[in-house]
Amino acid sequence: QPLDDTFAVNDAIDAEHAAKVRKLLDGATRYLLTQRDADGAWSMNYEGQQLYQPALTAMVIKPILADPRFDIDSPVVAEAYDVLLSYQKDNGGIYEMDKGNYSTSLAVMALAPAAAADAQYQPALDKAVGYLRGCQINVGDITPSGDPVEAEHPYQGGVSYGDHNRPDLSNVSMWMQAMHDAGVESDDPAMQNALAFVSRTQNSSETNTMAWAIGGPNDAGMIYAPDDGLGQG
């Protein structure tokens, strides 16, 4: 689709601001299209290596689809989906080397609108969601230090970059957003367990039973990870 088409004017802003928005969005889209790899995807060049192609491709698909001049059938988008899905593993994850949860979460966010519009993408999305479910740390799992995870363990319900290492808010937020985009309901046990993990990272003595929170400032702030109960705000 030609990039000289104009965006619709949003009634919430006046014509002058709408024109500025159109210009910014058009420039951003043009830039993203100039950064495509030869195969139609996106990656990061680091010391001569092209890295993180599935994660970055998924990240770019989302804003491209937000441009009303593109949809899932646009050649640019269709090619990007083809490359993205070429990374799907037998376990359902969509990643390159590691960081399986992070990359797959991004991929699920990108695949959700495609599956909603075209059923051919649904099996890939379902497999990816199944992989994400397996990334969650649950009761009975063993931490890298050898500790069993019990109901009140700080890790329970959390998600790490992969392999059930220390979970953190960044990975859990990506995971929860992906599950939500894929249609997983908020009352799903996995989502409730993730929410419980998030609650255990908040400085709130009313909702967090961790000792550090009960004796903390009770300012409702969040720590990044429950590594030792102190974390970084």
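Read on for an overview of the structure. (Residues numbered from 1 in each chain as written. Predicted model: local features only at pLDDT ≥ 70, side-chain atom pairs only at ≥ 80, totals over all residues. Heavy atoms only, no water.)

The next subject is the side chain of S103. Residue position: S103 is located in helix 4 (residues 100-117). On the basis of relative accessible area, S103 is assigned to the buried category, the value being 5%. In this structure the side chain of S103 is engaged in a polar contact, spanning 2.8 Å, whose partner is the backbone oxygen of I94. Contact partners of S103, with chain neighbours within four places excluded, come to P54, A55, I94 and Y95. (Helix = DSSP H or I, 4+ residues; strand = E, 2+ residues; numbered from the N terminus. Buried < 20%, exposed > 50% of the residue type's maximum accessible area, 1.4 Å probe, protein only. Polar contact = N/O pair within 3.5 Å; in protein donor to acceptor, adjacent residues only side chain to side chain. Contact = heavy atoms within 4.5 Å.)

Turning our eyes to something else, we now look at the nonpolar core. For soluble globular proteins, nonpolar side chains are generally found buried alongside one another. By size, the foremost hydrophobic cluster in this structure holds 46 residues, and its most contacted members are Y81, L84 and W175. Secondary structure elements with two or more residues in this core: helix 2 (53-66), helix 3 (75-86), helix 4, helix 5 (122-135), helix 6 (169-181) and helix 7 (189-199). Among the elements that take part in this core, helix 4 stands out by supplying eight residues, more than any other. Residue contacts for W175: discarding those within four places in its chain leaves N101, S105, L132, R133, Q136, V159, A190, M191 and A194. (Core = buried A, V, L, I, M, F, W, Y, C linked by side-chain atoms within 4.5 Å.)

When the terminal C-alpha atoms of helix 5 are compared, their 20 Å separation across 14 residues agrees well with the 20 Å that a helix rising 1.5 Å per residue should span. Buried residues of helix 5: A124, L125, A128, V129, Y131, L132 and C135, and no others. Down the axis of helix 5, the buried set is contained in an arc of 155°. They therefore lie on one face. In this fold, the buried residues of helix 5 make contact with helix 3, helix 4 and helix 6. (Expected span 1.5 Å × (residues − 1). Arc of directions from axis to C-beta.)

Another aspect to go through is the environment of N165. By the secondary structure assignment, N165 is in the loop between helix 5 and helix 6. Remark: the alpha-carbon pair of N165 and I142, spanning 23 residues in sequence, is separated by 9.4 Å.

This next bit is on the packing of aromatic side chains. Evaluation of the coordinates by the stated rule reveals three aromatic pairs. Seen in terms of ring centroids, Y81 and Y121 are 5.1 Å apart; in terms of plane orientation they differ by 45°. Their pairing is tilted. With a gap of 40 residues between them, Y81 in helix 3 and Y121 in the loop between helix 4 and helix 5 connect regions that are remote in the sequence. Across the pair, exposure class does not vary: Y81 and Y121 are buried alike. Summarising the aromatic geometry, the rings of Y102 and Y161 are spaced 5.7 Å apart at their centres and angled 40° between planes, so their arrangement reads as tilted. One end of the pair, Y102, is in helix 4; the other, Y161, is in the loop between helix 5 and helix 6, with 59 residues separating them in the sequence. Residue classification places Y102 among the partly exposed residues on the basis of a relative accessible area of 24%. Above the ring of Y95, the side-chain terminus of K89 is found at 5.3 Å from the ring centroid. (Phe/Tyr/Trp six-rings, centres within 6.5 Å; stacked < 30°, edge-to-face > 60°. Lys NZ or Arg CZ within 6 Å of the ring centre and 35° of its normal.)

Quick look at unusual backbone geometry now. The backbone of Y52 sits at a positive phi, close to 55°, despite the residue not being glycine. Here N218, not a glycine, exhibits a phi torsion of approximately 55°, which is positive. Structurally, N218 is set in the segment after helix 8 (211-214). Owing to a relative accessible area of 34%, N218 belongs among the partly exposed residues under this scheme.

Opposite charge on two side chains permits them to pair, given that their charged atoms come into close proximity. This structure, assessed with the given rule, holds seven salt bridges. Of the charged contacts, one joins E79 and R36 as a salt bridge, the two residues approaching to 2.6 Å between their closest N and O atoms. Of this pair, E79 sits in helix 3 while R36 sits in the loop between helix 1 (15-34) and strand 1 (44-46), and the two are 43 residues apart along the sequence. On the basis of relative accessibility, which here comes to 36%, the residue E79 falls in the partly exposed class. In this structure, D67 and R69 form a salt bridge, with 2.7 Å as the shortest nitrogen-oxygen distance. Like R69, D67 is buried. (Salt bridge = Lys/Arg side-chain N within 4 Å of Asp/Glu carboxyl O.)

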